[in-house]
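What the coordinates show
In case you want the letters, here they are:
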Amino acid sequence: MVKSEESAVDLVSQQELCGLLARLNQRLDHHVRRVGEQLGITSSQVVALRELSEPMKLTELATRMACETSNAGYVVDRMTEQDLVTRTPHPSDRRAKILTLTKAGQQCRANVLAALQQNSPTAVLSASDAAQLRDLLGRAVDSEAAIGSANE
């Protein structure tokens, strides 16, 4: 195959892949909103609870939520008012706080995780397929971070 033909094939594959990922993202966002409505919390709270698998700083939660720290802070403020999360001083960074789920937060997180499993757009994948997709997406995300740091 000639180089220009390879580039055209790569471009079509990239366009198709991007389109599929965009549609999957839309379906996942819709699923998260439905879970939030079902549990009486916002979709941002669903995402925060999904990602709060262990105590962490707000900046780490924001990274996991793929949002700005100020947006994650707003979500955490609301969750603190609902007694789902506590903030304690970070042991080595006096400017930072550690976010920890309360007992109520742990129960709410368990409910979120269970609800996210039901009718998930990825439920059609076998365990092996899901693991393979996770690994492939992880590689793509890691390569994007490496490319970003190389360009800085």
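Here's what I pulled together on the structure shown here. Predicted, not measured: the structure shown is a model, and the values here were computed from it.

1. Focus on the overall build of the protein chain
Scanning the protein chain from terminus to terminus reveals six helices and three strands. Taken from the N to the C terminus, the helices and strands of the protein chain come in the order α-α-β-α-α-β-β-α-α. Taken over 152 residues, the protein chain has a buried fraction of 25%. A fraction of 49% describes how many contacts in the protein chain between residues 6 or more apart in sequence connect residues 24 or more apart. Within the structure as shown, the protein chain displays about 10,600 Å² of accessible surface, and the carbon and sulfur contribution to it stands at 52%.

2. Thoughts on the pattern of salt bridges
Pairing is possible between side chains that carry opposite charge, provided their charged atoms lie close to one another. Considering all chains together, one arrives at seven salt bridges under this definition. In this structure, E54 engages R64 in a salt bridge whose closest nitrogen and oxygen atoms are separated by 3.4 Å. One end of the pair, E54, is in the loop between helix 2 (43-51) and strand 1 (56-57); the other, R64, is in helix 3 (residues 58-65), with 10 residues separating them in the sequence. Look at E54 and you get partly exposed, because its relative accessible area is 41%. Taken together, the shared-partner salt bridges in this structure form one network comprising E54, E60 and R64.

3. A few points about the packing of helix 2 against helix 5 (residues 103-117)
Direction vectors running N to C along helix 2 and helix 5 enclose 105°, while the axes themselves pass 9 Å from each other. Judged on the interaxial angle alone, helix 5 and helix 2 are roughly perpendicular. Contacts between helix 2 and helix 5 involve V46, L49 and R50 from the former and G105, C108, R109, V112, L113 and L116 from the latter. Its residues assigned to classes, the contact of helix 2 with helix 5 comprises six nonpolar, one polar and two charged.

4. Some points on the nonpolar core
Membership of the largest hydrophobic core comes to 24 residues, with the highest contact counts inside it found for V46, L49, L52, L61, M65, M79 and V85. What L49 contacts, discounting residues up to four positions off in sequence, is I41, M79, L101, G105, C108, R109 and V112.

Criteria and thresholds
- Residues numbered from 1 in each chain as written.
- Predicted model: local features only at pLDDT ≥ 70, side-chain atom pairs only at ≥ 80, totals over all residues.
- Heavy atoms only, no water.
- Helix = DSSP H or I, 4+ residues; strand = E, 2+ residues; numbered from the N terminus.
- Buried < 20%, exposed > 50% of the residue type's maximum accessible area, 1.4 Å probe, protein only.
- Contact = heavy atoms within 4.5 Å.
- Areas by Shrake-Rupley, 256 points an atom, 1.4 Å probe, with all protein chains shown as cover.
- Salt bridge = Lys/Arg side-chain N within 4 Å of Asp/Glu carboxyl O.
- Axes fitted to C-alpha atoms, helices over the stretch in contact; angles between N-to-C directions.
- Parallel < 35°, antiparallel > 145°, perpendicular 65-115°, else oblique.
- Nonpolar A, V, L, I, M, F, W, Y, C, P; charged D, E, K, R; others polar.
- Core = buried A, V, L, I, M, F, W, Y, C linked by side-chain atoms within 4.5 Å.

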